[in-house]
Amino acid sequence: MTLRIDLTGTPPERIRFAVSPLAELTAMLHVLASPEHHPPYAGWAAGVRAGLRPELADRLHEAEFLWRSSRADFLVPARPRATLAAELDDLDRIDDDRYVRAALITTCGSNRLTFAGGSPLHDPDARTDALDRAQARGPRQEAFAARLLADPRAVRARVRDTLEQCAEAFFDAEWPALAARLGQDVRAKAELARRQGLPAALAEVSAAVALTPDGGSLVLDKLQDNSTAAGAAGVTFLPSVFGHPHLVAVHAPGWQPVVQYPAPGGEHAATVPLDAVRLRLDALAHPVRLRLVRSLARGPHTTSELARAWDLTAPEVSRHLTVLRRAGLLTAHRRGRYVHHGLDLTVTAALGADLLAAVLR
């Protein structure tokens, strides 16, 4: 499972390290939406949530699909600016079709999403497909997708206003210290690349990022098998304090590749019987089940969604889910006619920090 970024025709100076206020803000929003992914920041998240005005908390809840399980591509800028306002201005310049497609991919819960017929804004079949997929995710996703398709400009303006309110509520107070820390990391990576070469800098970025021996491609350990090309535009690497342990990659067609990587830097659970541990490890040892687990780590999915994402039949997926469920690794919740399966992150984390980091990557 790798993402390969072709560097053919990419000037060395276009492989850059930079700091993005918008990318870090949305990493913080991800922590607020999924604190279970980030135990070190659970206290921070609880404090921020407790201080939010009810209206802002509701707004974050209604739009959390843009950053909860994955990050909408437009929230991880390839050309970072010095200020959040400048980056939001750049975001306003993206055309509606690109914005809507990127927003629907995260709302519908699949990084492999394509819509039947073309653009959901202009093609009736694509619109129906998008709404059906959003409905399968839940009523809030369906409502958000419907609003987005009916009036994208209004939704875009509301999302920007929500981000600006977040800046006022908590981000602006945190950003000076975060910017200093991230800037220090960017300077260190750039200096390392200058003195020892790009492979040395990438080794410090993440063990999940590597340059091929011929220097022609970047290879990232990610959930999907996919590829893209950097071309003359290059690749942007963005460090993140709040993003740990995730490695976020923008690679969709039409988007310049961006990689957001973790910047460097309790109570004992009850003893689990050895047989239970062995059962869980055996369940995770199968390559197909490991792929399903990495999907489920990002959020609940139905059996049909998993089957579609991995080109499997629904019965195949059901058999693998049964093994994972018997091992105590899954949760299940019924929403109408849909059953949503999720990964029990607490149980998975108990198996080891490296395993949790790998499935969340």
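Caption draft 1: Summary view of helix α13 (residues 314–326). When the terminal C-alpha atoms of α13 are compared, their 18 Å separation across 13 residues agrees well with the 18 Å that a helix rising 1.5 Å per residue should span. Contacts from the buried residues of α13 go to α10 (274–285), α11 (287–296), α12 (303–310), β9 (330–335) and β10 (338–343). Just past α13, the residue Gly328 takes up positive phi, approximately 80°.

Caption draft 2: A look at the sheet that holds strand β8 (residues 258–262). One open sheet holds the four strands; their spatial order is β2-β6-β8-β7, and the pairing between them is mixed. Strands with a single pairing partner mark the edges of an open sheet, and in this sheet they are β2 (15–17) and β7 (248–250). The mean angle between the axes of side-by-side strands here comes to 15°, regardless of whether they run parallel or antiparallel. Where β7 lies against β8, three bridges are found, and the strand directions are antiparallel. Residue Val250 lies in a different strand from β8, and its bridge partner there is Val258. Helix α9 (residues 198–205) rests against β2, β6 (235–240) and β8 of the sheet, and its axis sits at about 45° to β2.

Caption draft 3: View of the nonpolar core. If you look at the biggest cluster of nonpolar residues, it comprises 62 residues, and the most contacted ones within it are Leu66, Phe74 and Phe170. In terms of residue count, helix α8 (residues 152–196) provides more of this core than any other element does, ten residues in total. If we skip the residues at most four places from it in the chain, Leu66 touches Arg71, Ala72, Phe74, Leu75, Ala103, Thr106, Phe144 and Val159. Membership of the second largest hydrophobic core comes to 23 residues, among which are Leu223, Ala307, Leu343 and Leu360.

Caption draft 4: The arrangement of the pattern of salt bridges in detail. Enumeration according to the criterion identifies 21 salt bridges in this entry. The shortest N-O distance in the salt bridge between Asp97 and Arg101 comes to 3.2 Å. In this pair, Asp97 and Arg101 both sit in helix α5 (residues 96–107), four residues apart, roughly one turn of the helix. Overall, the relative accessible area of 32% leaves Arg101 in the partly exposed class. Put simply, Asp221 and Arg294 hold a salt bridge, and the shortest N to O gap is 3.3 Å. By relative accessible area, which is 25% here, Asp221 ends up partly exposed. Overall, the relative accessible area of 4% leaves Arg294 in the buried class. Salt bridges sharing common partners tie together Arg53, Glu55, Arg59 and Asp161.

Caption draft 5: Representation of the packing of α5 against α8 in the model. Orientation of α5 relative to α8, taken along the N-to-C sense of each, is 65°, at an axis distance of 11 Å. With respect to α8, the axis of α5 lies roughly perpendicular. Between α5 and α8 lies a crossing whose hand is left-handed. Contacts from Asp96, Tyr99 and Val100 of α5 reach α8 at Pro152, Arg153, Arg156 and Val159. For the contact of α5 with α8, the class distribution of residues is four nonpolar, no polar and three charged.

What counts and how
- Residues numbered from 1 in each chain as written.
- Predicted model: local features only at pLDDT ≥ 70, side-chain atom pairs only at ≥ 80, totals over all residues.
- Heavy atoms only, no water.
- Helix = DSSP H or I, 4+ residues; strand = E, 2+ residues; numbered from the N terminus.
- Expected span 1.5 Å × (residues − 1).
- Contact = heavy atoms within 4.5 Å.
- Pairing = 2+ DSSP bridges.
- Axes fitted to C-alpha atoms, helices over the stretch in contact; angles between N-to-C directions.
- Core = buried A, V, L, I, M, F, W, Y, C linked by side-chain atoms within 4.5 Å.
- Buried < 20%, exposed > 50% of the residue type's maximum accessible area, 1.4 Å probe, protein only.
- Salt bridge = Lys/Arg side-chain N within 4 Å of Asp/Glu carboxyl O.
- Parallel < 35°, antiparallel > 145°, perpendicular 65-115°, else oblique.
- Left-handed = near helix turned anticlockwise from the far one by under 90°.
- Nonpolar A, V, L, I, M, F, W, Y, C, P; charged D, E, K, R; others polar.

In short, shape yes, function no, at least from these values alone.
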